[in-house]
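This is what each chain is made of:
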Amino acid sequence: MAVSPLIRSGFEKYAQGGSEIGVASVKDLFLVNLIPLSHPVVVALFDEVRDKTSFTLEEVRDLFCKAKQQLGGYIDRLELFDKYDTNSDGFISREDMKICLRDDEYYKEEELDTVIDLVMLFGDVNKDDRLNYREFVRMLKDVPLE
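**Q** What is the right way to look at the overall build of the protein in this model?
**A** A tally of regular secondary structure across the protein gives eight helices and four strands. Each helix and strand of the protein, placed in order from N terminus to C terminus, yields the pattern α-β-α-α-β-α-α-β-α-α-β-α. Every one of the 146 residues in the protein was classed for burial, and the buried ones make up 40%. Pairs at least 24 apart in sequence give 56% of the contacts found in the protein among residues at least 6 apart.

As structure tokens, then:
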């Protein structure tokens, strides 16, 4: 897949003749392309690559493609994610989940911890004890939202 001229020129500016750029520079490229860093999709993408300190042009392109693909869909799930992300930090923590499950009144108080443990067991792919947007969507992919 081709790299857009805007991404390529931004990458070259930050790379200054090198073959990689840092995380801050990648985030700047997202901002230049009007992709908000606080959007849950973007937070999740950067969470998945949190151990990387630098990116090649191809890796930057792949991040942009993933962001574009993810931002194009899942509107209902994004609204649900935003509801469960009670502190708007881009993640659903155990506490966020407990607040929403309590408000929904579908579970008894004594069932909440068990439900949350199961959600984290199956949904928390990177085992950081919270769900980013992509983990949330992956977990719900077969659940119809009405």
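Structure shown, so let's carry the discussion forward.
**Q** I tried to follow a nonpolar patch on the surface on my own but got confused; where do I start?
**A** A surface patch of nonpolar side chains, amounting to about 350 Å² of accessible area, comprises Leu118, Leu121 and Phe122. Of note, leucine 118 is situated in helix α7 (residues 112-123).

**Q** How do you make sense of unusual backbone geometry when you look at a structure like this?
**A** Across the chain, the bulk of peptide bonds are trans and the bulk of non-glycine residues have phi less than zero. In the Ramachandran plot, lysine 127 falls in the positive-phi region, its phi being about 55 degrees despite a non-glycine side chain. Relative to the helices and strands, lysine 127 is located in the loop between α7 and β4 (130-131). Even without being glycine, aspartate 129 reaches a positive phi, approximately 65 degrees. One can find aspartate 129 in the loop between α7 and β4. For aspartate 129, a relative accessible area of 40% translates into the label partly exposed.

**Q** What is the right way to look at the packing of helix α1 (residues 5-15) against helix α4 (residues 57-71) in this model?
**A** Helix-helix packing is described using two parameters, namely the angle between the two axes and the distance between the axes. Two numbers describe how α1 lies on α4: the axes approach to 11 Å, and their chain directions differ by 135 degrees. It follows from the interaxial angle that α1 and α4 lie oblique. Crossing of α1 against α4: the hand is right-handed. For the pair α1 and α4, contact is made by Ile7, Arg8 and Phe11 and by Leu57, Val60 and Phe64, respectively. Class assignment of the residues belonging to the contact of α1 with α4 gives a composition of five nonpolar, no polar and one charged.

**Q** Would you mind showing me how to read the pattern of salt bridges here?
**A** Any two side chains of opposite charge can pair, on the condition that their charged atoms come close. Summed over all chains, the structure comprises eleven salt bridges. Across the salt bridge formed by arginine 130 and aspartate 47, the nearest N and O atoms sit 3.8 Å from each other. With arginine 130 in strand β4 and aspartate 47 in helix α3 (residues 40-48), the pair connects residues that are 83 residues apart, well separated along the chain. A salt bridge links glutamate 109 to arginine 102; the shortest N-O distance between them is 2.8 Å. What emerges from the salt-bridge pattern is a single network uniting Asp47, Arg50, Asp128 and Arg130.

**Q** Explain the nonpolar core here, please?
**A** Note on soluble globular proteins: their nonpolar side chains tend to be buried together. Val26, Phe30, Val60 and Met97 are the most contacted members of the largest nonpolar core, which has 36 residues in total. Only α1, α2 (23-32), α3, α4, α5 (75-84), α6 (94-104), α7 and α8 (133-140) provide two or more residues apiece to this core. In contact with valine 60, other than residues within four places in its own chain, are Ile7, Phe11, Ile21, Val26, Leu29 and Phe55.

**Q** Explain α4 to me, please; I cannot follow it from the model alone.
**A** Given 3.6 residues to a turn, an α-helix orients residues that are three or four positions apart in the same direction. For α4, spanning 15 residues, the distance from its first C-alpha to its last is 21 Å, which sits close to the expected 21 Å at 1.5 Å a residue. For α4, the set of buried residues is Leu57, Val60, Arg61, Leu63, Phe64, Ala67 and Gln70.

**Q** Honestly, the confidence of the model for the protein in this entry has me stumped. Any pointers?
**A** When pLDDT is averaged along the protein, the result is 84, and 88% of the positions lie at 70 or above. Model confidence for the protein, summarised as mean pLDDT per element, is weakest for α5 at 78 and strongest for strand β2 (residues 54-55) at 97. Counted against residues more than four places away or in other chains, residues 142-146, with its pLDDT under 50, gives four contacts.

Parameters at a glance
- Residues numbered from 1 in each chain as written.
- Predicted model: local features only at pLDDT ≥ 70, side-chain atom pairs only at ≥ 80, totals over all residues.
- Heavy atoms only, no water.
- Helix = DSSP H or I, 4+ residues; strand = E, 2+ residues; numbered from the N terminus.
- Buried < 20%, exposed > 50% of the residue type's maximum accessible area, 1.4 Å probe, protein only.
- Contact = heavy atoms within 4.5 Å.
- Patch = residues over 30% accessible without salt bridge, like charges linked within 9 Å, V, L, I, M, F, W, Y side chains within 5 Å.
- Areas by Shrake-Rupley, 256 points an atom, 1.4 Å probe, with all protein chains shown as cover.
- Salt bridge = Lys/Arg side-chain N within 4 Å of Asp/Glu carboxyl O.
- Axes fitted to C-alpha atoms, helices over the stretch in contact; angles between N-to-C directions.
- Parallel < 35°, antiparallel > 145°, perpendicular 65-115°, else oblique.
- Left-handed = near helix turned anticlockwise from the far one by under 90°.
- Nonpolar A, V, L, I, M, F, W, Y, C, P; charged D, E, K, R; others polar.
- Core = buried A, V, L, I, M, F, W, Y, C linked by side-chain atoms within 4.5 Å.
- Expected span 1.5 Å × (residues − 1).
- pLDDT = per-residue confidence, 0-100.

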